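Spelled out from the first residue to the last, the chains are:
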Amino acid sequence: MSRIDRWLRREPDGTVTVLTGKVEIGQGITTALAQIVADELGMPVSRVRVAPVDTDVSPDEGVTSGSRSIEESGVTLQRVAAEARRATLEGDPDPFAREVRGDGAPRPASERTVLGRHVPRADVLAKVTGAPSYVQDLRLPGMVHARVVRPPAYDAALVALDEAALRALPGVVAVVRDGSFAAVAAEREEQAIRALMEARRIAGWEAKPSLPATTDPRFLLSEPSEEIVVEDGTVTGDRTHGAEYSRPFIAHAAIAPSCAVALLDGGRYTVWSHTQGPHQLKHEIAKILRVDPAAVRVIHMEGAGCYGHNGADDAGVDAALVARALPGRPVRLQWMRDDEFAWEPYGTAMVVRLSARLDGERIADWSHELWGHGHGNRPNPSLPKEVSTSIAARHLARSFTAAVAPRPRSNLSGGQRNAVPYYDIPAKRVVNHYVPKAALRVSSLRSLGAHANVFAIESFMDELAERAGADPLEFRLRHLTDPRAREALTTACAMADWRAGERGNGTRGRGMAFARYKNNAVYAAMVAEVELRDVLAVTRVWAAVDAGLAVSPDGVVNQTEGGIVQAVSWTLKEAVRFDRERVTSRGWEDYPILTFSETPEVEVRLIQRETEPPLGVGEGLAGPVSAAIANAVANASGLRLRDMPFTRERIVAALG
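Structure report, in brief.

Cut-offs applied
- Residues numbered from 1 in each chain as written.
- Predicted model: local features only at pLDDT ≥ 70, side-chain atom pairs only at ≥ 80, totals over all residues.
- Heavy atoms only, no water.
- Helix = DSSP H or I, 4+ residues; strand = E, 2+ residues; numbered from the N terminus.
- Rg over C-alpha atoms; globule rule 2.2 N^0.38 Å.
- Buried < 20%, exposed > 50% of the residue type's maximum accessible area, 1.4 Å probe, protein only.
- Contact = heavy atoms within 4.5 Å.
- Lys, Arg positive; Asp, Glu negative; His and termini not counted.
- Charge placed at Lys NZ, Arg CZ, Asp CG, Glu CD.
- Pairing = 2+ DSSP bridges.
- Axes fitted to C-alpha atoms, helices over the stretch in contact; angles between N-to-C directions.
- Expected span 1.5 Å × (residues − 1).
- Salt bridge = Lys/Arg side-chain N within 4 Å of Asp/Glu carboxyl O.
- Polar contact = N/O pair within 3.5 Å; in protein donor to acceptor, adjacent residues only side chain to side chain.
- Phe/Tyr/Trp six-rings, centres within 6.5 Å; stacked < 30°, edge-to-face > 60°.
- Parallel < 35°, antiparallel > 145°, perpendicular 65-115°, else oblique.
- Left-handed = near helix turned anticlockwise from the far one by under 90°.
- Nonpolar A, V, L, I, M, F, W, Y, C, P; charged D, E, K, R; others polar.

1. Topic: the overall build of the protein chain
- When helices and strands are counted, the protein chain shows 14 helices and 23 strands.
- Computed over the C-alpha atoms, the radius of gyration of the protein chain is 26 Å, within 12% of the 26 Å expected from 2.2 N^0.38 for a compact globule of 656 residues.
- If you line up the protein chain on its principal axes, its C-alpha atoms span 75 × 70 × 45 Å.
- Classification of the 656 residues of the protein chain by burial places 61% in the buried group.
- Taking as baseline every contact in the protein chain between residues at least 6 positions apart, the subset at least 24 positions apart corresponds to 78%.
- Computing the positive centroid from 79 side-chain charges and the negative centroid from 84, the protein chain places the two 2 Å apart.

Shown next as structure tokens:
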């Protein structure tokens, strides 16, 4: 066991510093964790500070993902703080030095003064005032700026590079070359960018076609796959209805390209990164540099955007590789915009086939088949020493084997997340056709397989309701016994003034959807309103969210609003484009996202349950949003859209 001060540190001025392994990525976790500790210790929130994750002092709590920060770190800190409070009441001269026993009893709900109350977000002020707060803003004395010379395609090899010509350019202090990995470093950022442009012009590469011949996700149906039976219910061959749904490869599309700062000093590397797994990145850097992990320290700083595995870890590795060539000088390495789009790991494309049999007013059996790659390929210390998840590692002279996004470990992970419908259906058969070999680089994107699975399930529920001659709300309630699920659905519909049997007018319509994320986390129900104009517009979204005890109600609402807006963008616009050789989505023109003027009006109602355990929120909105939009389009026009994104071209083709 560890001591309390492994998690909570009392400072000389009487404040308390919280040490956590979970990082702030815009979800407001630093505020929520401070509330938890302050409430248990009976202190004002202003006297509690959550320290950035630092691998030298912070506990290793894995990756900040899956909307699990409150459930994992929050619950742990609550119990540790409860033990510190008990030790203080028992008169212990140094209560924070006591060993953690694991039997801390949190305050009852009736004694809480901070938990579940409004507390201003600790991280917002600097962001809205433009104060330096992101790793992209970090400036250190003597710092140089670096850029990586990326290949034109995944499998391209660097065969020629005039390094002397690059070193002769103004401000250039280093040209780093290791196999097909190349980078330039300069005194000023614009000098590094000019050197990069020249390197791109003069570099010689050998490449070969390696990408799928089509961007239609249905290419997955013919790829070699491993069949994983998730649920083995008995279903009949006599089907009432069947349908097929898809989503494309989706990028994280972070507003600012990935960035890291690295320093090699005294034989030890320090890396500042917006990684979601600092301890995991530490081991990845040590592996690639072939040094002892004790020689690497990773300090977390926020980055401007990303829920999932984008280029943050790669930028950390890149920066360390350049820092190795420039000991004593901090290296700030930022990806270019086209680097971010072309080289980050995407959320995998998916295809979902559903069929069901109706028995009167109810679903008698249900079949769900899905196809897709793995959904998680982050740095992982448990991988073999010759295998790496880093993009740079595969280009080094002494290269590493590229890691493959693994098969799901359970029904809660990967493509299987939310594949089992939450509804009460007598027989369900769910099969995952896991496609291990991915031509495009894939890893974790917010909600993993739940996005496509819930989109398909909730679209299909509306299609079955129509077959049964039932209102979509009433049809769902027939198949739900969980009272919290029923309350979430009826609350969202009441907010939208849903009327049984309502129909759109040809151009305007509304649709609903529901899911319980991972079938064990947040309950999310919503109604979306759409208009068919020159393009499809989502005008309003009403959402009811039950996250158990909402530690920070404002944080839950923030996460819900943000999740809704991101999912609207996925549904209407986003898709990675590529040809046989390379990714062609290289900028905002090739990969458009939702603009401010296109953002719907969003109304969120939080169902607060102060005596229930807290549940993760942020990832639970994506699937219901996409399905509610599809159902609203069908309600407005009778047009059933089953392939995302719902672009103008796709709608026109469907109408034709």
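2. Description of the sheet that holds strand 20 (residues 508-516)
- Strand order across the open sheet formed by four strands is 20-21-22-23, with mixed pairing between neighbours. Of all strands in the sheet, those bounded by a partner on one side alone are strand 20 and strand 23 (601-606). Averaged over all pairs of adjacent strands, the angle between strand axes in this sheet comes to 15 degrees, irrespective of strand direction.
- Bridge count for strand 22 (residues 536-546) against strand 23 is six bridges, and the pairing is parallel. By the bridge assignment for strand 23, Arg 540 is matched with Glu 601.

3. Some points on helix 9 (residues 450-468)
- An ideal rise of 1.5 Å per residue puts 27 Å on 19 residues; helix 9 measures up with 26 Å between its terminal C-alpha atoms.
- Counting buried residues in helix 9 gives 16 out of 19 residues, a clear majority hidden from the surface.

4. What about the pairing of strand 7 (residues 181-186)?
- When you tally the buried positions in strand 7, you get six out of six residues, the bulk of the element.
- Burial along strand 7 is two-sided: the face carrying Phe 181, Ala 183 and Ala 185 and the face carrying Ala 182, Val 184 and Ala 186 are both buried.
- Bridge count between strand 6 (residues 172-178) and strand 7: six bridges; the pairing is antiparallel. Counted as the bridge partner of Ala 174 is Ala 185 from strand 7.
- Between the antiparallel neighbours strand 6 and strand 7 lie two residues, among them Gly 179 with a positive phi of about 65 degrees.

5. Quick word on the pattern of salt bridges
- A complete count under the given rule lists 53 salt bridges for this structure.
- Arg 9 serves as the salt-bridge partner of Glu 11, at 3.1 Å between the closest nitrogen and oxygen.
- Relative accessible area serves as the criterion here: at 33%, Arg 9 is assigned to the partly exposed category.
- Across the salt bridge formed by Glu 90 and Arg 98, the nearest N and O atoms sit 2.9 Å from each other.
- Put simply, Asp 216, Arg 218, Glu 244, Arg 353 and Asp 643 are held in one network by salt bridges that share partners.

6. Description of the side chain of Arg 586
- Within the fold, Arg 586 resides in the loop between helix 12 (553-572) and strand 23.
- Nearest to the buried, unbridged Arg 586 among oppositely charged side chains is Asp 338, at 4.7 Å.
- At a separation of 3.5 Å, a polar atom in the side chain of Arg 586 contacts the main-chain carbonyl oxygen of Pro 152.

7. Points about the packing of aromatic side chains
- By the definition in use, this model includes 11 aromatic pairs.
- Ring centres of Tyr 245 and Phe 455 lie 5.8 Å apart, and the angle between their planes is 80 degrees; this geometry places the pair in the edge-to-face category. One end of the pair, Tyr 245, is in strand 10 (residues 241-247); the other, Phe 455, is in helix 9, with 210 residues separating them in the sequence. Each member of the pair, Tyr 245 as well as Phe 455, carries the same accessibility label: buried.
- Ring geometry for Tyr 422 and Phe 514: centres 6.3 Å apart, planes at 50 degrees, overall tilted. You can see Tyr 422 sitting in the loop between strand 18 (401-402) and strand 19 (427-434) and its partner Phe 514 sitting in strand 20, a full 92 residues away along the chain.
- Residue class for Phe 514 comes out buried when judged on its relative accessible area of 2%.
- Every member of this aromatic cluster is reached through a ring pair, and the members are Tyr 422, Tyr 423, Phe 514 and Tyr 523.

8. Let's talk about the sheet that holds strand 10
- Across the sheet, five strands lie side by side as 9-19-16-15-10; this open sheet has mixed pairing. The open sheet terminates on both sides in strands that have one partner only, identified here as strand 9 (226-232) and strand 10. The average angle at which neighbouring strand axes cross in this sheet is 15 degrees, direction not considered.
- Inspection of the sheet shows strand 15 (residues 350-359) paired to strand 16 (residues 362-372) by 10 bridges, in the antiparallel sense. Across the sheet, residue Val 351 finds its bridge partner in strand 16, namely Trp 371.
- The sheet strands contacting helix 9 are strand 10, strand 15 and strand 16, and the helix crosses strand 10 at an angle near 150 degrees.

9. Some remarks on the packing of helix 1 (residues 29-41) against helix 2 (residues 69-89)
- As a packed pair, helix 1 and helix 2 sit with axes 8 Å apart at the nearest point and diverge in direction by 25 degrees. The angle between helix 1 and helix 2 places the two elements in the roughly parallel class. As helix 1 runs across helix 2, the sense of the crossing is right-handed. Contacts between helix 1 and helix 2 involve Ile 29, Ala 32, Leu 33, Ile 36, Val 37, Glu 40 and Leu 41 from the former and Ser 69, Ile 70, Ser 73, Gly 74, Leu 77, Gln 78, Ala 81, Ala 82, Ala 84 and Arg 85 from the latter.
- When the residues that make up the contact of helix 1 with helix 2 are grouped by side-chain class, the tally is 11 nonpolar, four polar and two charged.

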